[in-house]
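Examining the three-dimensional arrangement
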Amino acid sequence: MINLEILIIYKIFKLAFCSEFFKFIKRDYKLAKYYKNTFKNGGEKMKLTRRDFLKLSISSLVLSSFSLDLSSVKAYAKELRIKNAKEITTVCPYCSVGCSIIVYAKGGKVVATEGDPDSPINEGSLCPKGSSLYQLVNNPYRVLKPLYRAPYSDTWKEVSWDWALDRIAKLVKETRDKYFIHKDEKGRVVNRIEAIAHVGSAALDNEECYILQKLMRALGIVYIEHQARI
Amino acid sequence: MARKALLITPELCIGCRSCQVACKSWNQLPAEKTKNRGTHENPPDLSGSTYNKIHFIETTDAFGNLKWLFVSQRCRHCGDPACVQVCPVHALQQDKETGIVFYDKSICIGCRACSYACPFNIPRYDENGKISKCHMCIDRVKAGLEPACAKACPTGAIRFGDRDELIAQAKKEGFKYIYGEKERGGLGVIYALNEPPKVYQLVENPKVSEDVLALGELLRGLVKKGIPVDASIVRKFLGSKETLVRV
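Residues numbered from 1 in each chain as written. Chains lettered and ligands numbered in written order. Predicted model: local features only at pLDDT ≥ 70, side-chain atom pairs only at ≥ 80, totals over all residues. Heavy atoms only, no water.

A word on the pattern of salt bridges. Tallied over the entire structure, the rule returns 16 salt bridges over all chains. Ionic pairing is found between Arg140 of chain B and Glu114 of chain A, a salt bridge with its closest N-O pair at 2.8 Å. Of this pair, Arg140 of chain B sits in helix α4 (residues 138–142) while Glu114 of chain A sits in strand β3 (residues 109–115), on two different chains. Across the pair, Glu114 of chain A and Arg140 of chain B agree in class, each one buried. A salt bridge links Arg188 of chain A to Asp184 of chain A, with the nearest nitrogen and oxygen atoms 3.2 Å apart. Asp184 of chain A gets classed as buried once you look at its relative accessible area, which sits at 15%. (Salt bridge = Lys/Arg side-chain N within 4 Å of Asp/Glu carboxyl O. Helix = DSSP H or I, 4+ residues; strand = E, 2+ residues; numbered from the N terminus. Buried < 20%, exposed > 50% of the residue type's maximum accessible area, 1.4 Å probe, protein only.)

Have a look at this one:
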């Protein structure tokens, strides 16, 4: 303890005779002037006197020259956002690599998404598009209702799912009835429709592909394409 | 829990910026409207809603061949953080176990003293004037998870782990320069390089002026006395930023 006191005295003496000290005096004056100008009219707020400044800056100078760490060290205590959230794995909807993603849901809302470390494909990592999956759901610009643009119209209007699905079904039926080919020019039965095409996606899973293929073949569609080939 | 760190290997980075997106996704930060500046580097700078970003450097090697370097820019989580020492209200804190420099926005008074203190020019402020910077996903780290950027990185250019182990690993892999091993009390974000840090535009010998630390004490005294501290006083008191930080 005595050693420390001697050290402090030594430091103060050392500092008192170096230019640093005078620099601080100058600073005090600057600061005092600044406050005087700022709170000229208020008066009440101006509680700091010149003596206080001197005391403050000398103590600060001494402390800083010892490089004492005065910042209180605090342990972080805040709950994790995905704590107790339901984990659901999904396949990334973008490219055909098929990275696995964990979706964290709480009360029916998606709270976070991240790569699935158990997946042998991506081992927990993701590309920027896959990383952005969170905002695919939680996005003010997300389209929640079908939009319809009538022929020759230049504006989109919101329509109901029932209306949209009915219209699609109606048009498919009309087109199919009109252009259905029962037999080709050589008289062979072909039962096909060449006026409709289907474009699939790289992000469809096995089951979806199976159902789509069944539907398209049942309709007689032969132009069954894939997004990655276009 | 030993001191944690991120090991960044610019040579492995492909500049996909998955780390940037993962950071925004986890911290729920909004996007920024930017414009084409003739570079793929985007957004142009760290901000209140961008905690980390990849800095794209176009340079030439000794033979005149074009080299495109990608360096992760973010808070370095110094072992001896000047921002924590200067903060008058203890809004910035260093975690005892992991050495991560984190912050509490509800305490921050927006005096911007940390911005003056930081030798790496990292602290930024959100729309309310409160401190915002990389906090190494301390909420995740404390729960035993790795930070969002390290988790998302597809090439292993950002690795997370115990600091000593990461340094040993980088040395074993034969990197010539380990930036951040000694700087500022040992950085929490270590760069494994084969070329001098200057090539990657990293600050060599980052220094903090004694004045800044003294200012911290002074501000703390002012706060204790109930005198309002704001950005203007810091600016007025210290003069321009450049003359102070790069002493």
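Residue and element names in this part refer to chain A. This prediction gives chain A a mean pLDDT of 79; 66% of its residues lie at or above 70. Note that pLDDT drops below 50 for residues 41–46; the model gives that stretch 4 contacts with residues more than four away or on any other chain. Taken as a whole, residues 64–72 scores under 50 in pLDDT and shows 20 contacts with residues more than four places along the chain or in a different chain. (pLDDT = per-residue confidence, 0-100. Contact = heavy atoms within 4.5 Å.)

Glycine aside, negative phi is the norm for most residues, and most peptide bonds take the trans geometry. Residue and element names in this part refer to chain B. Looking along the chain, the bond that leaves Asn42 and enters Pro43 is cis, with omega of -5°. With respect to the helices and strands, the residue Pro43 is situated in the loop between α1 (18–27) and β2 (53–60). The backbone phi angle of His77 is positive, close to 50°, even though this residue is not glycine. You will see that Asn121, though not glycine, has its phi angle at about 55°, which is positive. Tracing the chain through its elements places Asn121 in the loop between α3 (113–117) and β6 (124–125). What makes Asn121 partly exposed here is its relative accessible area of 33%.

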